[in-house]
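# Examination of the molecular architecture
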Amino acid sequence: MIRFLVKGLLRDPNRSVFPVLIVGAGVMITVLFYCWVLGVREDITRTSAVLDTGHVKITTKAYGEIPGQMPNDLALSGIGRLVPELFRDCPEMDWVPRIKFGGLLDFPDDKGETRVQGPVLGMAVDLLTPGSTEVRRLNLAGAIVRGRLPEKPGEILVSEEFAEKLGVDLYETATLISATATGGMAVQNFILAGTVRFGIGVMDKGTLIADITDIQYALDMADSASEILGFFPDMNFDEVRALGEKTRFNAVYENIRDEFSPVMTTLKDQSGPGEYLDWVDRWIFIFIFVFILVMSIVLWNTGLMSGIRRYGEIGVRLAIGESKGHVYQALIGEALATGMAGSILGTFLGLGFSYYLQEVGIDISGMLQSAAILFPNILKAKIGSGAFYIGFIPGLGATVLGSLVSGISIFSRETSQLFKELET
Amino acid sequence: MEDQILIATERLVKHYPMGKHLFTALNDITITFKSREFTGLVGPSGSGKTTLLNIIGALDSPTRGLVRVMGQDTGTLSHKQAARLRSIYLGFTFQTYNLLPVYTVYENVEFPLLLLDMAPAQRKKAVLQALEWVGLMDKQKSRPSQLSGGESQRVSIARAMVKAPKIVLADEPTANLDAANSHNILQMMIKLNEELGTTFIFASHDDKVIGYLKRKITLTDGKVVEDARMDLPEGRNTC
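What counts, and at which threshold
Residues numbered from 1 in each chain as written. Chains lettered and ligands numbered in written order. Predicted model: local features only at pLDDT ≥ 70, side-chain atom pairs only at ≥ 80, totals over all residues. Heavy atoms only, no water. Helix = DSSP H or I, 4+ residues; strand = E, 2+ residues; numbered from the N terminus. Rg over C-alpha atoms; globule rule 2.2 N^0.38 Å. Buried < 20%, exposed > 50% of the residue type's maximum accessible area, 1.4 Å probe, protein only. Contact = heavy atoms within 4.5 Å. Areas by Shrake-Rupley, 256 points an atom, 1.4 Å probe, with all protein chains shown as cover. Lys, Arg positive; Asp, Glu negative; His and termini not counted. Charge placed at Lys NZ, Arg CZ, Asp CG, Glu CD. pLDDT = per-residue confidence, 0-100. Buried area = accessible area lost by both parts, 1.4 Å probe. Salt bridge = Lys/Arg side-chain N within 4 Å of Asp/Glu carboxyl O. Polar contact = N/O pair within 3.5 Å; in protein donor to acceptor, adjacent residues only side chain to side chain. Nonpolar A, V, L, I, M, F, W, Y, C, P; charged D, E, K, R; others polar. Pairing = 2+ DSSP bridges. Axes fitted to C-alpha atoms, helices over the stretch in contact; angles between N-to-C directions.

Bringing the overall build of chain A into the picture now. Of the regular secondary structure elements, chain A holds 15 helices and 14 strands. Over its C-alpha trace chain A gives a radius of gyration of 31 Å, far above what one expects of a compact globule, namely 22 Å for 424 residues. Reported as C-alpha extents along the three principal axes, the dimensions of chain A are approximately 100 × 55 × 30 Å. The burial tally for chain A puts 52% of its 424 residues in the buried class. Here the contacts in chain A between residues at least 6 apart in sequence split such that 76% fall between residues at least 24 apart. Carbon together with sulfur atoms contributes 62% to the accessible area of chain A, which is approximately 19300 Å² in total. Side chains of chain A give 36 positive and 48 negative charges; the mean places of these two sets differ by 11 Å.

Below, the structure written as structure tokens:
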């Protein structure tokens, strides 16, 4: 009997091919959407961590209250002692000091007068120590558009867009005009070693990257840094571990009433990415819930229509002597088979497209010309473990549910009524 | 051998809701059908023919009254028991044939036997015999869409007869057929009735069917107005 029913199922495209395709399409969209949202979330997290927040960040308590102003007069001092302590207490993480600063970058003419100048947002990182993890983490080698990475003190990188706008060439002298940590005027000459493009709108407008030792000297910040960032080795933000590290670190300084004492925050604590990630997580949940609900209704309807379309056939089978329970079981069995086949097909296709988007992504730089947040120009999907089963919720669940509901009418109607529906 | 009573109805009433009112499809029907009968329920549309046929076939239930089929009170049967009754004792043919379109002729005829859990070899023998009865041995692998109306109805009869049921209920079996095909079908049914002893009960208002009946029950407005034994028409060919 099972063989007989399977034969019928395979021969009737309205019962097998079309439902499988519809379920497959719905599941594929669900999986793709899930991976896409996951990828965008991870891109944003990673970008924020690498360029701004780290997975954890240590600043002074005072600096931590107004980080957007880059108040280097409130910077951390004694980092020569603090960083080794961090490596000792938490050796699995990478700890790096950075200085953030603002200023004007001035390019003089032959007579030493200003030829062009523009505002820059500066980031001082360890560029020159052999084996520096910052060069790799920021992917500076990959971001180089012209020139090369700084190889000796006094060399800087600027964003390509900034260099183009100002019309400056490689190896020109550039003068940084800024403020020292003590409130004085800082003026320091550098050589433009190369230009970079990060693929992040806000970073590509006017960023200056210099070695931290040069900037410590220029801004009178010896043994100081705006912040110390901590990164997990796999570069994935682990909220639980980050929270544990934060609790451990802050406990040491908890009773110190000094506004210059250090405090650790996690990526999620920091007002920009933290709030954003909370917002993204909330909307991911809502989007996925609504999307799965919509797909479930569509696929439930498919199961329902498939059942209703077959009232006539069901009537004949009942007349021939098949029991209602057996017909109902057969309908659900078919829905399980088509739902499973469609879910597997859709998951496979969804994972395929997601893999493509994970590797290649979609370039949205055109939409981010005036963006002021750290947002990657190329959005990529990410295949998470949920992608392997999330499509089965609408694909299998809703299809079977549709058949369960449509099949109930087999019991609720007079058998003879099924014939009338066949004949009309 | 004395003919056995296969079906008995007693004061059978069937109402259908029609808007706020009830439509009486059957009104106090008391009637019996014996084995080997070749009986027609005749009457105009709406007279209750199909309703009576459906109730006898346990496809519908009466509002009041009693129906016994093969000694079983169909009003007390569960869905499963009613299905079992149909599966063993009853065969159906329909005006629109109602063949399962995705299956071949052979498979359509085989289907009732699958429900009886018959062994494959026995099943094959029975299917081939049924196809031989209706003269469709050469169409075994055809799909219903490849058959003419007459051929489709013959498949429908083979499907009804393959399990050698005691009773075949035929609802307007010739309504969609031309005269030649109608006569062929009816002659085949007469032959099966006489050779296998199967009871045929028709619902029909086709004069061609009426000409073949051994018993004619006329229904009007849900009531039996005439129950008559018929003389065989002269020269009726049962071969």
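On to the confidence of the model for chain A. Considering every residue of chain A, the mean pLDDT works out to 85; 91% of them sit at 70 or more. For chain A, the element scoring lowest by mean pLDDT is helix H15 (residues 415-423) of chain A, at 52; strand S6 (residues 155-159) of chain A scores highest, at 95.

This part takes up the interface of chain A and chain B. At the junction of the two partners, chain A supplies 26 residues and chain B supplies 28 residues. Counting the surface lost from both chain A and chain B, the interface buries some 2400 Å², and carbon and sulfur atoms represent 64% of this. When the buried area of chain A at its contact with chain B is split by residue, Phe4, Arg11 and Ile320 of chain A rank highest and sum to 30% of it. In this structure, the connection of chain A to chain B is made through two salt bridges. Across the pair glutamate 107 of chain B and lysine 7 of chain A runs a salt bridge whose closest N-O atoms are separated by 3.0 Å. Linking chain A with chain B are seven residue pairs in polar contact (both at pLDDT 80 or more). Of all the secondary structure elements, the ones that give two or more residues to the side of chain A that touches chain B are helix H1 (2-11), helix H12 (311-320) and H15 of chain A. Residue composition of the side of chain A that touches chain B, grouped by class: 10 nonpolar, five polar and 11 charged.

Time to look at the sheet that holds strand S6 (residues 90-93) of chain B. All names here are of chain B. Spatially, S6-S7-S8-S3-S9-S10 is the arrangement adopted by the six strands of the open sheet, whose pairing is mixed. Looking at strand neighbours, the two that pair on one side only are S6 and strand S10 (223-229), the edges of this open sheet. Adjacent strand axes in the sheet meet at a mean angle of 15° when their direction is disregarded. Note that S6 and strand S7 (residues 167-171) share four bridges and pair parallel.

Time to look at the environment of serine 406 of chain A. All names here are of chain A. Its location among the elements puts serine 406 in helix H14 (residues 392-412). Residue classification places serine 406 among the buried positions, given a relative accessible area of 3%. Separated by 102 residues in the primary sequence, serine 406 and leucine 304 place their C-alpha atoms 5.0 Å from one another.

Turning our attention to the pairing of strand S8 (residues 185-196) of chain A. All names here are of chain A. In the sheet, strand S5 (residues 144-147) pairs with S8 via three bridges, with the strands oriented antiparallel. Considered in S8, the bridge of isoleucine 144 is made with valine 196. Relative to S8, S6 runs parallel, the two sharing five bridges. When the bridges of S8 are listed, glutamate 155 appears paired with isoleucine 191. Here strand S7 (residues 173-179) pairs with S8 via seven bridges, running antiparallel. Residue threonine 173 lies in a different strand from S8, and its bridge partner there is isoleucine 191.

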